[in-house]
Every structure is written in structure tokens, then in C-alpha cells.
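What follows is the residue order along each chain.
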Amino acid sequence: MSFLDTFFDGAVMAKYLPDLLAALVTTLWLSAAIVIAGLALGLVLACLRTLGRWYLTLPIVAFADISRALPPLVVILVFYFGLPGLGIRLSGPMVLFIVLGGVLAAFAEEIFWAGLTSVPKGQWEAGRATGLSFMQTLFDIALPQAIRLGIPSLVNRALAITKMTALGSVIGVKEILSVSSSAQSFSGSATPLTMAALAYLAIFLPVVIFARLLEKRYT
Amino acid sequence: MSNFIDLFFNLDIMAQAWPLLLKGLIITLKLCAVVILLGLAGGLLLALGALSPRKWLKWPTIGFIDLFRALPPLVVLIFVYSGLPFAGLELTPFMAVVLAFFLNNSAYFAEVFRAGIQSVPKGQPEAAQATGLSQVQSLVHVILPQAIRNVLPDLLSNTVEVVKLTSLASVVSLSELLYSANMARSITYNSSPLVLAALIYLAILWPLVRLISRYQRGLAEH
């Protein structure tokens, strides 16, 4: 069997294309949900942290630290196999959404926070002195700078975490990797794996190139 | 509540699973040592390639880096483990993991090294060569020490990601920490071994994560 027949078998490609397209859609909407929820939660947490209350800061820092230190797959397995014992039964996509959204939120919180702390104290004081409230100073002066500063890191991090939707294959989410893996074992051909790789490239290569352009602009 | 503790923090089951998890931990540590070193070495070479003035070297290298930044590491791993045997290349789980993560990690480390090398002012290598250092000498003694210092937090955070990444090896049945814990879970019908594995990962990585946050704050203050 030639290399082409093994990895680019046209018949196999045609047969599994519909399944893979459906899986591609699953990967896309899961990624979108994770990015939106993760960035939003991270932003909220970073803003709450600026209030400087220990009873807010402590749990936020603990959450951010633990979520950044744990391998997501460990948490995914605990949620998927452990929680049903407590009567909490979450679907595979739900587990993936909660865990990866949480991880992205933790990283985003740190990035936003680093941006917020880099805004010179004088600007906060100037904002308050001109009669702006704390919230106005935060939203109109500090946050826009923090977000602009964080964009390259946020794009890279969001990319790294949405790629992890492939972990859904471990808990039976019908995303690209799991669909192509089962297609590979059914068909006895490596072609579905090639299709999976191409599908991921179609989604993520533009993001990688976009991240490169952003970096060039911001540095 | 007692149900919760029984299911997730059952000390008896943790004690039973401990020897198995310890074996897994040793494999995880070995794996980390290999993939971190290979990733650093590969990353440095790729970074030099990506910064090369020779176009035939520069563009293929950047293409390679972007390819592996766009592919999920698990996809690369499954491709290497279940795809390559179709091409007659059968690898043990350990070798498959090492090869897949080498490809993935060197792409990521390459980006860090590239940013570091670019952060060194152009006058430095020029001065080094003007004083008679060879290109290699100027790289090793002048450029790299500064480049690495400038991107130390990124190198560190990338290393943390690599350690976390090794948990994916459980998917191809390499009996590292997570695989052992999941095995213990399915034998005991109890999630405590997974929680124990999580605590072990946390014990190793939390100090590093703290250190990274400290660094980021430090950079922001300058």
C-alpha cells in the first residue's frame, strides 16, 4: 500500500466527510462557548480583585493558581467519573465546557490582573481626583489599557485552551478527534486521522497566523 | 458531606493506590525530564532557524512552528501512535509520546526563544563580533544569556505546560501518574485516586505557578 493510499484514501475521505464536518461544528461551538465564558469570567474576577477585599482576593487567587497548576485532563476525569457519585450527572460537552472555560478564566484573570497592576497608580489617583467614581476609573481608564496590554497573551492562551477540546475524545464528546479516531478503527485506514489534522489546521492555523500579526503590531 | 469525603478524599483508598501512583509519578518525572530537555534543544534550534537571514531556512522553519502550534498535542500524539504504524513505523507508547511532544514542545519553546533573542539589542552581537568572537561564541556568551534572562517567566510557564501535557500520555496507555490514578479509580469505583493524583500535580506545579505570577507582577512594576 502506498503512502497516499494509507493517509489520503479518497474513498475513505468521501465516506467519513459528513461525520467529520458534524464533528467540526461541535468543536467550533464548544471552542466559541469556552472562549466567551472563559474571557468573561476572567475579566469579572480580575475586576473583583481590584476591590482589594481579602475575602474576594483569596478565593480568586486560589482558584487561579489551582486551575493553572492542574492538568485539565485530571479535572475532566474527576468531573466526568466522580461527580455522578454525588448525583451530579454532566454530559461530556458540559464537563469540557466547565473545565476548559474555568482554566481559561484562571489564565485570563492573571493576564487582566497583570495589565491592571501595570497601570501607574497616578492614573487611578488622577481619575478619582477629577471626580470619577472607583468603577468609572476602573472601566474608563484602567481596564482599556489592561485589555490592550493583554491581547497577545490572551489570544495565545485562548488558542492553547480551545485546542484542548480534543480532550473531549477521552470522555466521548463527538468532536473532531474522537470521530476520526473511531473512523480510523472502523475503516482500518489512517486517512481519517489525516482528515482530523487538516480540520484542526483549517480552524487553528488562521488563529496562529493572526496571533503572529498581533504580536508584530503590539511589540 | 460524608458521601463527598468518601468518594473523593477516601484515605483508605488513597493509601491503597499510593504505591501504584508512586510508580506512575516516577514515569511522569522521567517523561518530563526527556521532553523538557528535547523541547528546549529543539526549540532553540528552531528559533535560530526562524531568525536566520537565509530564506530557504527561515520560512520552512516558521511553517513547521506554526503547524505544530495549530495542531492539538493530543491529535499529534494519536497520529504518531495510531497513524504511523500504517506507514510501518510502530512505536512504543513512551517513544510515541516523546516524539509527539518533542514536535509540539519545540514549536512552543521556539517562539519563546525567538522572542528572547529578538529582545537583545542588535548592537550586542555586532559588538561581540567586532571584538573577535565567532558567531557561535557570540550566541553562547552574549546573546543567549540575555535572551534567556528576558524570557525566563515564559520559559517557566511553558515548562509548567509541558509537565501538565505529560498527563495526555495516559490516553495511549503509558502508565504515568494519571493513567495509574485512573486505573486505580476504575478498580476501586472511587475517585479518590484521581484526587490524589491531582494533589501530586499540585504539589509539583503550584510553587512554579506562584513564581510565574510573582515574575509577571515584577515585570509590570518596572
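Residues numbered from 1 in each chain as written. Chains lettered and ligands numbered in written order. Predicted model: local features only at pLDDT ≥ 70, side-chain atom pairs only at ≥ 80, totals over all residues.

**What to know about the overall build of chain A**
In step 1: When its secondary structure is counted, chain A shows nine helices and zero strands.
In step 2: The order of helices and strands in chain A, counted from the N terminus, is α-α-α-α-α-α-α-α-α.
In step 3: Expected size for 219 residues packed as a compact globule is a radius of gyration near 17 Å; at 21 Å, chain A overshoots this value by more than 25%.
In step 4: Residues classed as buried in chain A amount to 45% of the 219 residues present.
In step 5: Once local pairs closer than 6 in sequence are excluded, the contacts in chain A between residues at least 24 apart make up 77%. (Helix = DSSP H or I, 4+ residues; strand = E, 2+ residues; numbered from the N terminus. Rg over C-alpha atoms; globule rule 2.2 N^0.38 Å. Buried ≥ 20, exposed ≤ 12 C-beta atoms within 10 Å, placed from the backbone. Contact = placed C-beta atoms within 7 Å.)

**Here we look at the overall build of chain B**
In step 1: On a plain count of helices and strands, chain B comes out with ten helices and zero strands.
In step 2: Listed N to C, the secondary structure of chain B is α-α-α-α-α-α-α-α-α-α in terms of helices and strands.
In step 3: For the C-alpha atoms alone, the extent of chain B along its principal axes is close to 70 × 50 × 25 Å.
In step 4: Within chain B, buried positions represent 41% of all 222 residues.
In step 5: Contacts spanning at least 24 positions in sequence make up 74% of the contacts within chain B whose residues lie at least 6 apart.

**A short note on the UniProt feature "domain: ABC transmembrane type-1" (unreviewed entry) in chain B**
In step 1: In the numbering used here, UniProt assigns the feature "domain: ABC transmembrane type-1" (unreviewed entry) to residues 25–213 of chain B.
In step 2: For residues 25–213 of chain B, the helix share is 80%, the strand share is 0%, and the end-to-end C-alpha distance is 26 Å. (UniProt positions renumbered as here; feature names shortened; annotations may be inferred.)

**A look at the nonpolar core**
In step 1: Core analysis: the biggest nonpolar cluster contains 124 residues, and A:Val74, A:Ile76, A:Leu104, B:Val75, B:Leu77 and B:Ala197 have the highest contact counts within it.
In step 2: Ranked by the residues each element gives to this core, the list is headed by helix α5 (residues 92–118) of chain A, at 16 residues.
In step 3: When near neighbours in sequence (up to four residues on either side) are disregarded, A:Val74 contacts B:Ser167, B:Leu178, B:Leu194, B:Ala197, B:Ala198 and B:Tyr201. (Core = buried A, V, L, I, M, F, W, Y, C linked by C-beta atoms within 7 Å.)

**Comments concerning the environment of B:Phe8**
In step 1: Of note, B:Phe8 is situated in helix α1 (residues 2–8).
In step 2: Along the backbone, B:Phe8 and B:Val35 are 27 residues apart, and their C-alpha atoms lie at a distance of 31 Å.
In step 3: Setting aside residues no more than four positions away along its own chain, B:Phe8 makes contact with A:Gly82, B:Ser191, B:Ser192 and B:Val195.

**A few points about the UniProt feature "domain: ABC transmembrane type-1" (unreviewed entry) in chain A**
In step 1: The UniProt feature table records "domain: ABC transmembrane type-1" (unreviewed entry) at residues 24–214 of chain A.
In step 2: Along residues 24–214 of chain A one finds 82% helix and 0% strand; the C-alpha atoms at either end are 26 Å apart.

**A word on the UniProt feature "transmembrane region" (unreviewed entry) in chain B**
In step 1: With numbering matched to this structure, UniProt assigns "transmembrane region" (unreviewed entry) to residues 20–46, 67–88 and 187–209 of chain B.
In step 2: The straight-line gap between the two end C-alpha atoms of residues 67–88 of chain B is 24 Å; of that span, 68% is helix and 0% is strand.

**Structural notes on the interface of chain B and chain A**
In step 1: With 39 residues of chain B at the interface, the matching set in chain A holds 38 residues.
In step 2: Going through the elements one at a time, α1, α3 (55–70), α4 (73–83), α9 (177–188) and α10 (192–221) of chain B are the ones with two or more residues in the side of chain B that touches chain A.
In step 3: With 14 residues, the top contributor of residues to the side of chain B that touches chain A is α10(B).
In step 4: Residue composition of the side of chain B that touches chain A, by class: 25 nonpolar, eight polar and six charged. (Nonpolar A, V, L, I, M, F, W, Y, C, P; charged D, E, K, R; others polar.)

**Observations regarding the packing of helix α8 (residues 176–187) of chain A against α4(B)**
In step 1: It is the contact of α8(A) with α4(B), at a shortest axis distance of 11 Å, that shows an interaxial angle of 10°. When the interaxial angle is binned, α8(A) and α4(B) end up roughly parallel. Seen from α8(A), the contacting residues are A:Leu177, A:Ser181 and A:Gln184; seen from α4(B), they are B:Leu74, B:Val75, B:Ile78 and B:Ser82. (Axes fitted to C-alpha atoms, helices over the stretch in contact; angles between N-to-C directions. Parallel < 35°, antiparallel > 145°, perpendicular 65-115°, else oblique.)

**A word on the environment of A:Tyr218**
Residue and element names in this part refer to chain A.
In step 1: Mapped onto the elements of the fold, tyrosine 218 is located in helix α9 (residues 191–218).
In step 2: Each C-alpha atom, one on tyrosine 218 and one on lysine 15, is 45 Å from the other, the two residues being 203 residues apart in sequence.
In step 3: Ignoring anything within four residues of it in the chain, the contact list for tyrosine 218 reads Ile151 and Pro152.

**Quick notes on the UniProt feature "transmembrane region" (unreviewed entry) in chain A**
In step 1: UniProt marks residues 20–48, 69–88, 94–116 and 193–214 of chain A with the feature "transmembrane region" (unreviewed entry), using the numbering shown here.
In step 2: Within the segment residues 69–88 of chain A, helix and strand shares are 60% and 0% respectively, and the terminal C-alpha atoms sit 25 Å apart.

**Things to note about unusual backbone geometry**
Residues and elements named next belong to chain B.
In step 1: For serine 173, which is not glycine, the phi dihedral falls at a positive 60°.
In step 2: Mapping serine 173 onto the fold places it in the loop between α8 (152–165) and α9.
In step 3: Residue serine 173 is classed as exposed on the basis of its 11 C-beta neighbours within 10 Å.
In step 4: Phi is positive for tyrosine 189, close to 55°, though the residue is something other than glycine.

**Examining the packing of α9(A) against α3(B)**
In step 1: Their axes nearest at 8 Å, the elements α9(A) and α3(B) cross at an angle of 120°. Between α9(A) and α3(B), the angle falls in the class oblique. Along this stretch, α9(A) crosses α3(B), giving a crossing that reads as right-handed. Contacts between α9(A) and α3(B) involve A:Tyr200, A:Leu201, A:Phe204, A:Leu205, A:Val208 and A:Ile209 from the former and B:Asp66, B:Arg69 and B:Ala70 from the latter.
In step 2: Taken together, the residues that form the contact of α9(A) with α3(B) break down as seven nonpolar, no polar and two charged. (Left-handed = near helix turned anticlockwise from the far one by under 90°.)

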